[in-house]
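Breakdown of the fold
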Amino acid sequence: MENKTILVTGAAGFVGYYLSQSLMKSGYKIIGIDNMNDYYDVHLKEERLSKIQDNPLFTFIKMDLADKKAVEELFEEYEPEIVVNLAAQAGVRYSIENPDAYIQSNIIGFYNVLEACRHHPVEHLLYASSSSVYGSNKKVPFEETDFVDTPVSLYAATKKSNELMAHTYSHLYNIPATGLRFFTVYGPMGRPDMAYFGFTDKFFNNEPIHIYNNGDFENDLYRDFTYIDDIVTGIVKLIEKPHQGHTVFNIGNNNPEKLMVFITSLEKALSNSLGREVAFKKIYEPIKPGDVPATYASTDKLKEAIGFKPETTIQDGLQKFTDWYVAYYNKK
């Protein structure tokens, strides 16, 4: 597999950065593209890029996937054998405020990637979907065969659309395609709009955290928190196992945590990083529109395909995050 060229879109993003780093260790050449948008702190994207930019196997191109001509030219010039499309406008709540960004990036951008894969055939297209496609599904754990026609946010609707578009292109043009339904990915250098990151910011700003579970600890929100290294291991193994047609996989932890357990684990990790006792100020509120009470993945299909098994406990993963945060933001 060495020396193949892999196009990674969203290479300055959280998953894109770690994935690029891991693939280069295996000898792959990476063409990384990113539009470096300011949905969250661009400095963090620049920091990630700075850690991989000097690797001779890495080529970075700043561009927007919504620019069809640029995407076409990129494929012509670099002829990637494998494409991993991670570029997307992320975030569920932001999709209510800024729908345009989601259509441009997640629909038009992905369509341009599919068109390029059609005209410049690739061995394998992998793309980021999301656990949000399960919408208001009450049955847990979520399985890939479950009904996913009731998205409760525009973000989820764009990801479901990606799956339909990929299925069609795979069927019509014989593109081996794999959708990855990610479940709450976390870790060092993660996305600042994610809850664990925001909670940590609020602690240092001396602000309370808002917990959307009505203070109901018995019926608390459940989430599948998946550590970044486990996600990357799963993607790398899937890259190396292309298949005919189109398929989707849940890529999660299969070990849901109550939100309050997650919060106490985060307090404990931060206490260790700082060497002093940490307790968040908490405000309990009703569940937000578009939020789902429980999301966690059945990972049986992925385990069967590649022997995937997440290794990182929530406490270990959060410890790595808080150690990084305290050092990066100089909070000691």
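Below or above, wherever it landed, is the structure these notes cover.

Scanning the protein from terminus to terminus reveals 11 helices and 14 strands. Overall, the C-alpha framework of the protein stretches about 55 × 45 × 40 Å when taken along its three principal axes. Across the 332 residues that make up the protein, the buried fraction comes to 53%. A sequence separation of at least 24 residues applies to 82% of the contacts in the protein between residues at least 6 apart. About 14,400 Å² of surface is accessible on the protein, with carbon and sulfur atoms providing 50% of the total. Of the side chains in the protein, 33 bear a positive and 44 a negative charge, and the two mean positions are spaced by 3 Å.

Right, let's get into the packing of aromatic side chains. This structure, assessed with the given rule, holds 30 aromatic pairs. Plain terms: the ring middles of tyrosine 325 and tyrosine 329 are 4.6 Å apart, the flat faces sit at 50 degrees to each other, and that makes the pair tilted. Owing to a relative accessible area of 3%, tyrosine 325 belongs among the buried residues under this scheme. You can call tyrosine 329 partly exposed: its relative accessible area is 27%. The ring centre of tyrosine 40 lies 4.7 Å from the NZ or CZ of lysine 45, which sits over that ring. In this structure, lysine 301 is placed above the aromatic ring of phenylalanine 249, and the distance from its NZ or CZ to the ring centre is 5.0 Å.

With that settled, the discussion passes to the sheet that holds strand 9 (residues 222-223). Taken together, the 3 strands give an open sheet; going across it, the order is 12-9-14, and neighbouring strands pair in mixed fashion. Only two strands of the sheet have a single neighbouring strand rather than two, namely strand 12 (257-258) and strand 14 (294-295). Pairing analysis gives 2 bridges linking strand 9 to strand 14, with the strands arranged parallel. Note that in strand 14 the partner of arginine 223 across the bridge is threonine 295.

In any sheet, the strands associate via hydrogen bonds between backbone groups, in a parallel or an antiparallel arrangement. The strand order across the open sheet built from 7 strands is 3-2-1-4-5-6-11, with neighbouring strands paired in parallel fashion. The open sheet has two free edges, formed respectively by strand 3 (58-62) and strand 11 (246-251), since each of these has just one partner strand. On average, adjacent strands in this sheet sit at an angle of 20 degrees to one another, irrespective of strand direction. Bridging between strand 6 (residues 177-182) and strand 11 involves 6 bridges; their strand directions are parallel.

The subject of this paragraph is the packing of helix 3 (residues 68-78) against helix 5 (residues 99-119). At their nearest, the axes of helix 3 and helix 5 sit 9 Å apart, and the two run at 35 degrees to each other. As helix 3 packs across helix 5, the resulting crossing turns out to be right-handed. Here helix 3 contributes Lys68, Val71, Glu72 and Phe75 to the contact with helix 5, which in turn contributes Tyr111, Asn112, Val113, Glu115, Ala116, Cys117 and His119. Here the contact of helix 3 with helix 5 is built from residues that sort into 6 nonpolar, 2 polar and 3 charged.

How each quantity is defined
- Residues numbered from 1 in each chain as written.
- Predicted model: local features only at pLDDT ≥ 70, side-chain atom pairs only at ≥ 80, totals over all residues.
- Heavy atoms only, no water.
- Helix = DSSP H or I, 4+ residues; strand = E, 2+ residues; numbered from the N terminus.
- Buried < 20%, exposed > 50% of the residue type's maximum accessible area, 1.4 Å probe, protein only.
- Contact = heavy atoms within 4.5 Å.
- Areas by Shrake-Rupley, 256 points an atom, 1.4 Å probe, with all protein chains shown as cover.
- Lys, Arg positive; Asp, Glu negative; His and termini not counted.
- Charge placed at Lys NZ, Arg CZ, Asp CG, Glu CD.
- Phe/Tyr/Trp six-rings, centres within 6.5 Å; stacked < 30°, edge-to-face > 60°.
- Lys NZ or Arg CZ within 6 Å of the ring centre and 35° of its normal.
- Pairing = 2+ DSSP bridges.
- Axes fitted to C-alpha atoms, helices over the stretch in contact; angles between N-to-C directions.
- Left-handed = near helix turned anticlockwise from the far one by under 90°.
- Nonpolar A, V, L, I, M, F, W, Y, C, P; charged D, E, K, R; others polar.

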